[in-house]
Each structure stands twice: as structure tokens, then as C-alpha cells.
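# Structural description and commentary
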Amino acid sequence: MIEGKRMILATSARDLPASFSGTGFHPATTAEALCGFHQAGLWIGPREMLEQDPSFRQIIPYVVLRLGDKFVRYTRTPAGGEGRLHGRMSIGLGGHIDLPDVVCAGESVDLDATIGRATERELQEELGDVDVASREWIGVLTDDDTEVGRVHIGVVAVWQLSAAPAGIAEDAIGEVSLCSLADLEADSDRLETWSAMLLPYFSAFAEQRAAA
């Protein structure tokens with residue numbers, strides 16, 4: 001470990017599978033996502049270096065919290081570490097996978113357990129305790145069109161809650177509210193890029209449920 005540097009988990013951008021390429025949300029099962037990252041290779045390096053090197057993508061758990069048919073939406077405040085996202089609305093919670101989050105199985109990284117540990121830590125830091133009824137990983141997010149997007153890849157999950165979040169545990173999170181899909185679509189110009197990319201998926205999902 002480089003002394004004094006925050007070390008985080010990343011993957012090789014050029015070696016990711018073709019199914020993850022191109023700007024947008026790419027539905028994938030848990031097994032497909034994990035296989036894709038292992039295929040590309042896992043790397044641990046200083047965040048300040050990886051933020052400037054698009055040959056790597058930092059792996060970011062991105063969890064959408066839902067209560068019934070409502071979404072938990074919040075605003076990113078200036079207290080957050082990523083200045084390029086300040087003031088934007090979001091439906092995704094999570095963050096970088098730090099070195100202490102990494103779980104090893106023998107000489108290999110247990111990526112499923114690692115992502116799970118990082119996700120639990122991030123949500124605890126951001127919202128405190130939440131009552132989760134179910135968890136499902138649904139795919140990955142890539143954004144090749146922006147500076148911040150080219151150095152990250154999101155692993156997207158939907159967590160269904162059994163009760164509304166009690167409050168905010170981190171200064172980087174502000175204005176937490178429950179909103180409908182229609183509310184999100186009406187404010188889509190205020191959403192951060194990754195959250196906006198997910199709207200067509202959730203819209204199609206709602207239409208399928210309505211038609212069933």
C-alpha cells in the first residue's frame with residue numbers, strides 16, 4: 001500500500017466485455033457482471049491516480065432504494081468528495097470500494113462479497129440503518145461522454161425497503177425524499193447522469209408490470 005494514499009478497486013476499461021460497452025445502462029445478472037469484471041481484471045490503486053486515468057474504471061456500487069413504487073431521491077451537497085456532481089439529484093447511493101472492503105478467498109478476490117461489504121458500509125455512512133426487505137443486482141452503468149463517467153463503472157442494485165429511511169448520516173447527502181417515477185421524469189434535467197440513464201429501464205419495468 002502507498003502510504004497516505006486512498007487505495008480503491010478498479011478494472012481495466014479496454015478489457016471489459018462488449019456487453020458493457022457504450023454509454024448507458026446494460027442489464028446483467030449478478031453472475032454476468034462478476035464474470036465481466038474478473039475477465040477484465042481487478043486492480044487496486046491510488047484514487048487520485050485512477051481519477052485521471054481512463055484506461056481504468058473504478059467499480060462503484062450504485063444502489064437504488066425503493067419503498068413500494070416510490071424511489072428514495074436525494075441531492076448531492078458540496079460536502080461530497082466528487083465536485084463534478086455537487087447540486088445534482090440522484091437515486092443512486094454508494095461509492096468507491098476501498099482497500100479494507102476487499103474480501104479474499106485464497107489468493108483471489110471474492111468480488112461478490114467485496115461489493116456487498118462496500119455497499120453496506122457506504123449506505124450506513126450515508127443514511128444510517130435502513131430496513132431492507134430484498135436486494136437485487138440488475139446490471140452495470142457506463143458513461144463514455146463525460147470526464148467523470150469515463151473513469152467509473154456502476155454496479156446497479158435495487159433494494160426494496162420495508163420502511164422509509166429514518167434520516168441522513170452524512171453531510172454529502174441532502175434533501176432526501178420519496179418520489180414517484182413521474183416525479184423523476186419531470187425533474188430529469190436535474191438528475192445526475194447515471195440516475196437519468198436508469199429512467200428508461202424503470203419506465204419499461206413499470207409498463208411491463210401494468211400490462212401483466
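Before going into details, it helps to say that this report is about the structure given with it. All values reported here derive from a predicted model rather than from experimental measurement. (Residues numbered from 1 in each chain as written. Predicted model: local features only at pLDDT ≥ 70, side-chain atom pairs only at ≥ 80, totals over all residues. Heavy atoms only, no water.)

### Overview of the state of the cysteines
To be explicit about the condition: Disulfide assignment relies on a single distance test, namely cysteine sulfur atoms paired within 2.5 Å.
Inspection of every chain in the model, using the stated rule, returns zero disulfides. With no disulfide of its own, C35 has C104 as its nearest cysteine by sulfur position, at a separation of 19 Å.

### Re the pairing of strand β4 (residues 56-67)
Under the convention used in this document: Throughout this description, buried means an accessible area under 20% of the type-specific maximum (1.4 Å probe, protein chains only), exposed means over 50%, and partly exposed covers the range between. Comment: elements are numbered from the N terminus, with helices defined as DSSP H or I runs of at least four residues and strands as E runs of at least two. For two strands to count as paired, DSSP must find a minimum of two bridges between them.
Here β4 lies mainly inside the structure; eleven of its twelve residues are buried. Alignment of strand β1 (residues 7-12) against β4, held across three bridges, turns out to be antiparallel. Bridge pairing in β4 places T11 opposite R57. The pairing of β4 with strand β11 (residues 152-161) spans nine bridges and is classified as parallel. Its bridge partner being in β11, V63 is matched across the sheet by A157. Sheet topology note: the β4/strand β5 (residues 70-76) ladder contains two bridges and is antiparallel. Each bridged residue has a counterpart across the sheet, and for R66 the counterpart in β5 is F71. The turn joining β4 and β5, which pair antiparallel and follow one another in sequence, is formed by two residues; a positive phi near 65 degrees is taken by G68.

### Overview of the pairing of β11
Of all ten residues that make up β11, nine are buried, and the element is covered over most of its length. As defined by bridge partners, strand β10 (residues 132-142) adjoins β11 across eight bridges and the pair is classed as antiparallel. Residue pairing across strands places W137 opposite A157, the latter belonging to β11.

### A closer look at the packing of aromatic side chains
The test is simple: The rule is short: rings of Phe, Tyr and Trp, with Trp giving its six-membered ring, pair when the centres are within 6.5 Å, and they are stacked under 30 degrees, edge-to-face over 60, tilted in between. Put simply, a charge is over a ring when the Lys NZ or the Arg CZ is close to the ring centre, within 6 Å, and near the line of the ring normal, within 35 degrees.
Scanning the model with the defined rule gives seven aromatic pairs in all. Seen from their ring centres, F71 and F202 are 5.1 Å apart, and the 75 degrees between their planes marks the pair as edge-to-face. Placement of the pair is F71 in strand β5 and F202 in helix α5 (residues 193-211), with a sequence separation of 131 residues. When its relative accessible area of 4% is taken as the criterion, F202 is described as buried. Ring pairs connect the aromatic residues F25, F71, Y201, F202 and F205, which therefore count as one cluster. Lying across the ring of F71, R66 places its NZ or CZ 3.9 Å from the centre. Across the ring face of W159, the terminal group of R135 is positioned such that the distance to the ring centre comes to 4.4 Å.

### Considerations on the nonpolar core
The cut-off we apply is this: For this analysis, a nonpolar core means a set of buried residues of the types Ala, Val, Leu, Ile, Met, Phe, Trp, Tyr and Cys, connected via side-chain atoms within 4.5 Å.
Ranked by size, the top nonpolar core spans 20 residues in total, and within it V64, F71, L141, L184, L198 and F202 carry the most contacts. Those elements giving two or more residues to this core turn out to be β4, β10, β11, α4 (181-186) and α5. Of the residues forming this core, the biggest block, five residues, is contributed by α5. If you look at the next biggest cluster of nonpolar residues, it comprises 16 residues, including L9, L16, F37 and A118.

### Let's talk about helix α1 (residues 30-40)
Our working definition: The arc under discussion is defined with respect to the helix axis, by the directions toward the C-beta atoms.
Among the residues of α1, A33, L34, G36, F37 and A40 are the ones counted as buried. Down the axis, α1 shows its buried residues gathered within 160 degrees of arc, on one side only. In α1, those exposed residues whose orientation departs by more than 90 degrees from the buried face are A31 and Q39. G41, located one to two residues past α1, shows a positive phi value of around 100 degrees.

### Notes on the environment of G149
With respect to the helices and strands, G149 occurs in the loop between β10 and β11. For G149, a relative accessible area of 3% gives the class buried. It is 13 Å that separates the C-alpha atoms of G149 and A10, two residues lying 139 residues apart in sequence.

### Quick word on the environment of L181
Mapping L181 onto the fold places it in helix α4. On the accessibility criterion, L181 (15% relative accessible area) is buried. Sequence separation between L181 and A206 is 25 residues, and the spatial gap between their C-alpha atoms is 8.9 Å.

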